[in-house]
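Notes for the structure review
Listed below are the residues making up each chain.
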Amino acid sequence: MIRLRTFGGAVLYAEDGTPMGGAAARRRTLGLLSVLAVAGDAGLSRDKLVGLFWPDVEARRARHSLTQALYVARRAVGCDDLFEVAEDIRLNAARIWSDVTALEAALQAGDDLTVASLYQGPFLDGFYLSSPEFEWWLGHQRKRLEEQAVGALERLATRAERAGDWKAAVEWWRRVAEIRPADSAVAVRLMRVLQELGDRVGALEHAEYHVRLLREQYELEPDPIVLEVAEELRGLRPRRGEGASSLRDPVAVVEPEEVLTLDEPGELRRVGRTPLTIRVSARGYLRRGAGGVGGRGRFGAWYLAAATCAVLAAGLAFELARHRSEEPPELPRLRQRVVVAPFRVWGADASLRYLREGMVELLSIRLADDTAARAVDAGAVLSAWRKAGIVAAADLSRDAVVSLAARLGAERVILGSVVGTPARAIISATAVAVPSGRVRGEATVEGPTDSLTVLVDRLAGKLLLQEAPQEEPLADLTSTSLPALRAFLAALPAQARGDYAAAASGYARALQLDSTFALAALRLALVAGRLHDFELERRALDRAWRFRDGLSERERAHLEALVGPSYPAASGAAEALAAWETAARLIPQRADVWYGFAVRLAGDGSARALESGRERVIAALHRARALDPQHAGAKLLLARLAGEAGGEADPGDPLAPFFRWRAAAAQGDTASLARLADSLAHFSPTSLRAIVAASQFDAVRPQDGARALELLISGTETPEQAVDLILAEHSLALNRGRPSEAAAALQRLHRSSPVTRAHLRLRVLDAVYSDIGPPLDDSLVVLAARELERRTRIPGLPGADADACALAQWQLARSEVQAASRTLAVLREQQGYEPAPVGTPAPVCGELVEAWLAVLTREPDARSRVERLDRLVLTTAAVGDAAAYAHITVSRLYRALGEERLALAAIRRRPYMSGAWPRYLAAALRAEGDLARQMGDVAGALAAYGQYLALRSDPEAQVAPDVQKVRELLSALSGR
């Protein structure tokens, strides 16, 4: 059988025991086999393996690379059935044995001896692959396996001590000390067992080695207890703790039991759970230099000794009888899931000793849940530890602490240590699962103790981050507000299970608690995009951008791809694509990244705009679906590119009702549609929002979109949600050809959010872009424009850039060049950008207005300005409200320049299920159909006219004649 060694290095051995060379020694082959060995019988999916080894390679090529790597591994070891390949890939246990698989099995069986024999060094020591995903995985596994091995060795050492096998205890503690050479607690335990073995010289040599290591490599002073034990071994001081310095006490009777100490004459007190030892303390009775008690000389000393012996005899008899029958003391069951054990303190300054119990208080409160049912009483925790003997005990094994935590009713226990001085302390903590003892997370912080609260906050924050889903690492730098971090972590599982409304609420709560929490803002933007809440998405992206220094390199790359490298100005298509490629390389395990990459490649979702790279787009979408089978955007865009209905509904998908509706509508299944329409009231808000969006973007059953919107409006909870849904209502009314309903929506918007002036901006923009909007010289439109103009003159008024943007376009549509030039000057003066409903960043709007002005005034560079505008990405959330109309503007400008072909391409570059509510989609479809018909693109004209008619299946009377004209054009084209 082939053997794979992973501890202390990575080597493959042939059946005769000789190391294999050639392809079998290649790092990629060894890495692949090691990853599968850790996975064990569960195996790993192809996508997971691709993400670990080829994160920056296009999906199809990456899967081919995996197939090739499997082939190379089989050939290298000469074994065709080395792997078991099905949905997941695993090693064939009948053909290959690995030490890491065997160690995992020994851990499960509780076989510590086998674990100790197998662990011969760090996992894949010295191994390296140029893949950040693999390096992160390797670091996590190396730390986990080391922790498990140390636990096994400590248990073996403790058992040897209890059996009096000091030689074996020395060997086991030496193994632990090799792995943890800077751990003072381990150093002391090794010194003690060497002392018991009679090897005082060896104990002193290890003390000197430990002190030198701390000073030279860590620049730390050794812990005083190491120096004290060393002095004791040299005979320079008495044993520390009056008999406690030896692991083997002279009156150890039963085990495990409690330590007794005599603090006052005739009074025995329990101080810990260790082998039963009675320690006599003469504190308060023996005077230095007096030779007796209370000035009585030798008689006083004799009297004390006699009294002590009497007390010891009576107490020992009583305790022995009680110990044989008494159960361990009853401990209170606390109400909290996590408890903090007293920290080990190995500081060079005695002033740090307070942190042993102090960390229980400081850290418990920070790790507490917000609910009253989980309220933390740090005093109760300390009381429980004291009753169990943890506080007074010098050192206890992890198993003992975990066992006691289980008796307290905890799910996790935090173990920790403090090393250093008040000027430079290192605080480490480990979260351990109860009762399994598995490590759930580790964290370390460093700094002066005069900033202790900051250090503890950072430590708690790192521990809380360990609660996050581990599909990908989260940056340490997130938020200094622990309540905000807790709200953020509570939202993560909601996002993972597809409950985007709950996730959005959690991330929004985190931002309320810490407005600088960039990661929460970024995640809020992502779930808002899934909910088609375009206004919320825009605000969240802007917040994330303002505080982007608080993001990791990966998260910044994703944000830059979402908003564009030039934000708040519009980015060019080439640089935007490069940003998405960078994000896909850095975060290959995130479905949203692959979906965004695909959308950028496909021209923002327009199937007809996809002229090249179709396979690459589809591969990226499949990658997104593999990472997140419930990704609605990827599923819908794949179906759109393939001309399908939208895919089957997965029963476990939170959007299953939406997909059933989408499939029935695409297939014309009227019976199913009727049943689904009757049950819309039972759909989740997420499915209802998806129906509202798809009914417009895909021109499918707009009447169902209207009903879904009614249900959403009836359940509105916040003013921000109300504004967004009114904008959706206005958009749907325009697309359905219902101007009176659109006007009513504007009135509601005015009442709901008068300060934002969104209703005024919409009124003038509708006149410019909607085919059923009021004329440009309508009295209400003119009044709205004048009010916007007045507002632009008020210095520092919030939203003035949004007002100027809408006003300039109305002026340009009326050919008011001078007025538009003045408004453009206002746009150029705007400093910063604050997202507002129906608002566009001033730099983006400035580009649009400048190009429009150049065409109107016939500037020599007019064409180049329009082409530059066309090259900008104008269809994402980053460009604000311009996503609703910028493609129409560019198309009109090309037509004014006599470039119908470019005009047709521009009108097709519109957003799909993103950016903004598509309120001018029907108008754009009509223009697209006319242009395609003029260019001889019959198929394109038929498609555009067909979507237009699907949207306007039930228009108001005043719009019906225009709809009939399009119907006639469609009939004529079909006949031809």
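Every value quoted in this text rests on a predicted model; they were computed, and no experiment measured them. For every chain, the first residue of its written sequence is number 1, and the numbers climb from 1 along that sequence. A pLDDT threshold of at least 70 governs which residues receive local features in this predicted model, and a stricter bar of 80 or more applies before side-chain atom pairs are shown or counted, although totals over entire chains, interfaces and linings include all residues. For the side-chain quantities, the full set of heavy atoms in the structure was used; hydrogens and water were omitted.

This part takes up the overall build of the protein chain. Helix and strand assignments follow DSSP, with helices taken as H or I runs no shorter than four residues and strands as E runs no shorter than two, numbered in order from the N terminus. Looking only at helices and strands, one finds 41 helices and 14 strands in the protein chain. We call a residue buried when its accessible area falls under 20% of the maximum for its residue type, exposed when it is over 50%, and partly exposed in between, using a 1.4 Å probe and counting protein chains only. Residues counted as buried form 54% of the 976 residues belonging to the protein chain. Sequence separation of 24 or more characterises 60% of the internal contacts of the protein chain that already satisfy a separation of 6 or more. Calculation of accessible area relied on Shrake-Rupley with a 1.4 Å probe; when residues are assessed, cover is drawn exclusively from the protein chains displayed. Carbon and sulfur atoms provide 51% of the accessible area of the protein chain, an area that totals close to 41900 Å². In what follows, residue pairs with any heavy atoms lying within 4.5 Å of each other are defined as contacts.

Backbone torsion omega between Val 434 and Pro 435 reads 10°, so that peptide bond is classified as cis. Mapped onto the secondary structure, Pro 435 falls in the loop between β13 (424-433) and β14 (439-447). For the peptide bond that leads from Tyr 567 to Pro 568, omega is 10°, which places it in the cis range. Among the structural elements, Pro 568 can be located in the loop between α20 (553-563) and α21 (573-586). Even without glycine at this site, Ala 699 takes up a positive phi of about 55°. Among the secondary structure elements, Ala 699 is positioned in the loop between α27 (685-697) and α28 (702-714). For Arg 701, which is not glycine, the phi dihedral falls at a positive 45°.

The next thing to look at is the sheet that holds strand β5 (residues 88-91). Pairing is antiparallel in the open sheet, where 3 strands are placed in the order β3-β5-β4. The open sheet has two edge strands with one neighbour each: β3 (44-45) and β4 (83-85). Only strands joined by at least two bridges in the DSSP assignment are considered to pair. Examined bridge by bridge, β3 and β5 share 2 bridges and lie antiparallel to one another. Paired with Ser 45 across the bridge in β5 is Asp 88. Throughout, an axis means a line fitted to C-alpha atoms (over the contacting stretch in the case of helices), and angles, computed between N-to-C directions, take values from 0 to 180 degrees. Contacts from helix α1 (residues 27-39) reach β3, β4 and β5 within the one sheet, and its direction differs from that of β5 by about 95°.

Let's shift gears to the sheet that holds strand β1 (residues 2-5). Strand order in the open sheet formed by 3 strands is β2-β1-β6, and the pairing between neighbours is mixed. The open sheet has two edge strands with one neighbour each: β2 (11-13) and β6 (96-98). If you compare each strand with its neighbour and ignore which way they point, the axes differ by 20° on average. As paired strands, β1 and β2 are joined by 3 bridges and run antiparallel to one another. Residue pairing in the sheet places Arg 5 in a bridge with Val 11 of β2. Here α1 sits on the sheet and contacts β1, β2 and β6; the angle it forms with β1, its principal contact strand, is near 90°.

With that out of the way, let us pick up the side chain of Glu 537. By the element assignment, Glu 537 lies in helix α19 (residues 534-546). Within the buried core, Glu 537 has no salt-bridge partner, and the shortest N-O distance to an opposite charge, that of Arg 538, equals 6.9 Å. Charged residues are defined narrowly, with Lys and Arg counted positive, Asp and Glu counted negative, and His plus the chain ends left uncounted. What counts as a salt bridge is simple: a side-chain nitrogen of Lys or Arg found within 4 Å of a carboxyl oxygen of Asp or Glu.

It is worth spelling out the packing of aromatic side chains at this point. Centres within 6.5 Å are what make two rings of Phe, Tyr or Trp a pair, Trp counting through its six-membered ring; a difference in plane orientation under 30 degrees is then read as stacked, over 60 as edge-to-face, and the rest as tilted. Scanning the model with the defined rule gives 18 aromatic pairs in all. Ring geometry for Phe 53 versus Phe 134: centroids 5.4 Å apart, planes at 35°, classification tilted. Within this pair, whereas Phe 53 is found in helix α2 (residues 46-53), its partner Phe 134 is found in helix α6 (residues 132-162), the two being separated by 81 residues in sequence. Exposure remark for Phe 134: the relative accessible area of 0% places this residue in the buried category. Residues Phe 127 and Phe 134 carry aromatic rings whose centres are separated by 6.0 Å and whose planes lie at 55° to one another, so their mutual orientation is tilted. Three or more aromatic residues joined by ring pairs form one cluster here, namely Phe 7, Phe 53, Trp 54, Tyr 119, Phe 123, Phe 127, Phe 134 and Trp 137. Here, a charge over a ring means that NZ of Lys or CZ of Arg falls within 6 Å of the ring centre while also lying within 35 degrees of the ring normal. Lying across the ring of Trp 545, Arg 548 places its NZ or CZ 4.1 Å from the centre.

Take the packing of helix α12 (residues 355-367) against helix α15 (residues 452-465) next. The contact between α12 and α15 brings their axes to 10 Å, and the two run at 55°. Classified by the interaxial angle, the pair formed by α12 and α15 is oblique. By crossing handedness, the relation of α12 to α15 is classed as right-handed. Contact residues: Leu 355, Met 359, Leu 362, Leu 363, Arg 366 and Leu 367 in α12; Leu 452, Thr 453, Val 456, Asp 457, Leu 459, Ala 460, Leu 463 and Leu 464 in α15. Convention used here: angles under 35 degrees read as roughly parallel, angles over 145 as roughly antiparallel, angles from 65 to 115 as roughly perpendicular, and any remaining angle as oblique. Whether a crossing is left-handed or right-handed is set by the direction in which the near helix is turned from the far one by less than a right angle, anticlockwise for left-handed and clockwise for right-handed.

The next thing to look at is the nonpolar core. We call a set of buried residues a nonpolar core when its members are Ala, Val, Leu, Ile, Met, Phe, Trp, Tyr or Cys and they connect through side-chain atoms within 4.5 Å of each other. Grouped together as the largest cluster of nonpolar side chains are 224 residues, with contacts concentrated most on Leu 363, Trp 385, Val 413 and Phe 488. Those residues in contact with Val 413, other than ones at most four positions away along the chain, are Val 339, Ala 341, Trp 385, Val 401, Val 402, Ala 405, Thr 430, Ala 431, Val 432 and Val 434.

Turning to the environment of Ala 733, a few remarks are in order. Tracing the sequence through the fold places Ala 733 in helix α29 (residues 719-736). Distance from Ala 733 to Pro 702, taken between C-alpha atoms, is 9.4 Å for residues 31 residues apart in sequence. Excluding residues that lie within four positions of it along the chain, Ala 733 makes contacts with Arg 738, Glu 741, Ala 742 and Ile 772.

It is worth spelling out the pattern of salt bridges at this point. Counted under the stated rule, the structure contains 51 salt bridges. Ionic pairing is found between Asp 704 and Arg 701, a salt bridge with its closest N-O pair at 2.9 Å. On the accessibility criterion, Arg 701 (28% relative accessible area) is partly exposed. Across the pair Asp 881 and Arg 919 runs a salt bridge whose closest N-O atoms are separated by 2.4 Å. Placement of the pair is Asp 881 in the loop between α36 (862-871) and α37 (886-896) and Arg 919 in the loop between α38 (900-908) and α39 (921-934), with a sequence separation of 38 residues. Per residue, the accessibility class of Asp 881 equals that of Arg 919, and both read buried. Connected through salt bridges with shared partners, the residues Arg 828, Glu 850, Asp 861 and Arg 865 form a single ionic network.

Tracing the chain through its elements places Pro 588 in the loop between α21 and α22 (591-601). For Pro 588, a relative accessible area of 1% corresponds to the buried category. The spacing of Pro 588 and Ala 59 is 529 residues in sequence and 9.8 Å in space, taken between C-alpha atoms. Excluding its chain neighbours within four sequence positions, the residues that come into contact with Pro 588 are Gly 51, Pro 55, Glu 133, Trp 594, Arg 623 and Leu 627.

Another point: the packing of helix α25 (residues 656-667) against helix α26 (residues 670-678). Taken N-terminus to C-terminus, the directions of α25 and α26 make an angle of 145°; their axes are 8 Å apart at the nearest point. Between α25 and α26 lies a crossing of left-handed hand. Residues Arg 660, Trp 661, Ala 664 and Ala 665 of α25 touch α26, and the partners they reach there are Ser 672, Leu 673 and Leu 676. Counted by class, the contact of α25 with α26 contains 5 nonpolar, 1 polar and 1 charged residues. When residue character is reported, Ala, Val, Leu, Ile, Met, Phe, Trp, Tyr, Cys and Pro are called nonpolar, Asp, Glu, Lys and Arg charged, and the others, Gly included, polar.

Residue pairs three or four apart in sequence face the same way in an α-helix, which turns once every 3.6 residues. Here the expected length of a helix is defined as 1.5 Å per residue gap, with one fewer gap than residues. The end-to-end C-alpha distance of helix α30 (residues 739-752) is 20 Å, a good match for the 20 Å that 14 residues give at a rise of 1.5 Å each. Buried positions along α30 lie against α29 and α31 (758-769).

Right, let's get into the confidence of the model for the protein chain. Here the protein chain shows a mean pLDDT of 81. Residues at 70 or above account for 83%. Per-residue confidence from the predictor is given as pLDDT, running between 0 and 100. Here residues 370-376 is modelled with pLDDT under 50, and outside its nearest four sequence neighbours on either side it reaches 13 contacts, counting other chains as well.

Both β13 and β14 contribute to a ladder of 8 bridges, which runs antiparallel. Opposite Thr 430, over in β14, you have Glu 442 as the bridge partner.

Look at helix α32 (residues 779-792): 20 Å from first C-alpha to last across 14 residues, which is about the 20 Å you get at 1.5 Å a residue. Packing partners of the buried residues in α32 comprise α31, α33 (800-813) and α34 (817-829). Here α32 starts with a cap whose side-chain oxygen sits 3.0 Å from the backbone nitrogen of Leu 780, and that cap is Asp 778. We define a polar contact as two N or O atoms separated by no more than 3.5 Å, with the added condition that, inside protein, one atom must be a possible hydrogen donor and the other a possible acceptor, whereas residues neighbouring each other in sequence contribute only through side-chain atom pairs.

Okay, the pairing of β13 next. β13 sits mainly inside the fold: 8 of its 10 residues count as buried. The hairpin turn running from strand β12 (residues 412-421) into β13, its antiparallel successor, is 2 residues long. Here β13 folds back onto β14, and the loop between the two strands holds 5 residues, one of which, Gly 437, carries a positive phi near 80°.

For Ala 583, the location among the structural elements is in helix α21. Classification of Ala 583 by relative accessible area gives buried; the value is 0%. Sequence separation between Ala 583 and His 558 is 25 residues; the distance between their C-alpha atoms is 5.3 Å. If we ignore the near neighbours within four places in the chain, the residues touching Ala 583 are Ala 557, His 558, Ala 561 and Val 593.

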